[in-house]
Amino acid sequence: MNDARHHGTAGADNPSSLDAQTLVRLKRMLLFTNEDEQYLIMAGNILAAHTEDILDNWYNCILKNNYLAGYFTKDGEPDVAYLQSLRPHFRKWITDLCTRQEGNPWWQFEERIAAQLQNKKAEEHEIDPLPLVYLRYLSSFIYPVSEAGRPFLGKHGHSATEVERMQQAWFKAVSFSVLLWVYPQPRQLPF
């Protein structure tokens, strides 16, 4: 770990973006394999058809938890208009995360999410920036978000082993996405 200062930086030429080597390193650290990619595609074929149900599960889980709900409330009540405005973005994120081709469009979408989470208004993004989110809190969303898809993976005739592998691939993909959002770059989050 001490060697991390010398490896995987985004390059001296462009310190504001992650290079391909760093992306690969992050995936390897998550034990995200080529097999996971295949199972993620299988999961995506299922999850894409259930995005509204998954979002309902997320919202129910988050709003029932006072700590998580704090990010989606206004004056102590759920901010329904804000939550509704996020639905199309969450739908796109679910689909893109499972079916992405690791190229510019997918990466640009992840960068826009990171900019919003880090209080930077993206010009082409119509939603106002979120309140400051600390890494320890943002990472706590990984489990409830990834678990919201589990009930749907088992309803399409796959074996229990395949369902578990799809769930693990989905969990790793969600974790990878959050890592990209909070990756310390010149935009510094207060960790």
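As the structure is a computational prediction, the values presented were derived from the model and not from experiment.

1. Digging into the overall build of the protein chain
Within the protein chain, the secondary structure is distributed over 10 helices and 2 strands. Reading the helices (α) and strands (β) of the protein chain from amino to carboxyl end gives α-α-α-α-β-β-α-α-α-α-α-α. Taken over 191 residues, the protein chain has a buried fraction of 43%. When contacts within the protein chain are restricted to residue pairs at least 6 apart in sequence, long-range pairs at least 24 apart make up 70% of them. Carbon and sulfur atoms form 54% of the exposed surface of the protein chain, whose accessible area is close to 10,900 Å².

2. Quick word on the environment of asparagine 57
Considering the arrangement of structural elements, one finds asparagine 57 in helix 3 (residues 51–64). A C-alpha to C-alpha distance of 8.5 Å links asparagine 57 and glycine 149, two positions 92 residues apart in sequence. The contact partners of asparagine 57, leaving out residues within four places of it in the chain, are Ala148, Pro151 and Phe152. Within the local environment of asparagine 57, its side chain forms a polar contact with the backbone oxygen of alanine 148, the two atoms lying 3.5 Å apart.

3. Structural notes on the nonpolar core
One broad trend across soluble globular proteins is that nonpolar side chains are buried collectively. Membership of the largest hydrophobic core comes to 37 residues, with the highest contact counts inside it found for Leu47, Trp58, Phe72, Trp93, Ile94, Phe141 and Trp170. Listed by contribution, the elements that provide at least two residues to this core are helix 2 (34–47), helix 3, helix 5 (80–99), helix 8 (142–147), helix 9 (150–153) and helix 10 (160–182). Here the element with the most residues in this core is helix 10; it accounts for 9 residues. Once you skip the residues sitting within four places of it in the chain, leucine 47 turns out to touch Ile54, Ile94, Cys98, Gly149, Leu153 and Trp170. Within the second largest apolar cluster, 5 residues are counted, among which are Leu26, Phe176, Leu180 and Tyr183.

4. Concerning helix 2
Taking 1.5 Å of rise per residue, the 14 residues of helix 2 would be expected to cover 20 Å, and the 20 Å separating its terminal C-alpha atoms lies within 8% of that figure. Buried positions along helix 2 lie against helix 3, helix 5, helix 9 and helix 10. A distance of 3.3 Å separates the backbone nitrogen of glutamate 35 from a side-chain oxygen at the start of helix 2, and that oxygen is part of threonine 33.

5. Side note on unusual backbone geometry
Positive phi is not limited to glycine here, since leucine 31 has a value of about 60 degrees. The topology assignment puts leucine 31 in the loop between helix 1 (20–29) and helix 2. On the accessibility criterion, leucine 31 (60% relative accessible area) is exposed.

6. Focus: the confidence of the model for the protein chain
Of all residues in the protein chain, 68% attain a pLDDT of 70 or more, and the chain-wide mean is 75. For the stretch residues 1–16, pLDDT sits under 50, and the model shows 18 contacts to residues farther than four places along the chain or on other chains. For residues 186–191, every residue scores under 50 in pLDDT, and the model assigns this stretch 18 contacts once sequence neighbours within four places are set aside.

Rules of the game
- Residues numbered from 1 in each chain as written.
- Predicted model: local features only at pLDDT ≥ 70, side-chain atom pairs only at ≥ 80, totals over all residues.
- Heavy atoms only, no water.
- Helix = DSSP H or I, 4+ residues; strand = E, 2+ residues; numbered from the N terminus.
- Buried < 20%, exposed > 50% of the residue type's maximum accessible area, 1.4 Å probe, protein only.
- Contact = heavy atoms within 4.5 Å.
- Areas by Shrake-Rupley, 256 points an atom, 1.4 Å probe, with all protein chains shown as cover.
- Polar contact = N/O pair within 3.5 Å; in protein donor to acceptor, adjacent residues only side chain to side chain.
- Core = buried A, V, L, I, M, F, W, Y, C linked by side-chain atoms within 4.5 Å.
- Expected span 1.5 Å × (residues − 1).
- pLDDT = per-residue confidence, 0-100.

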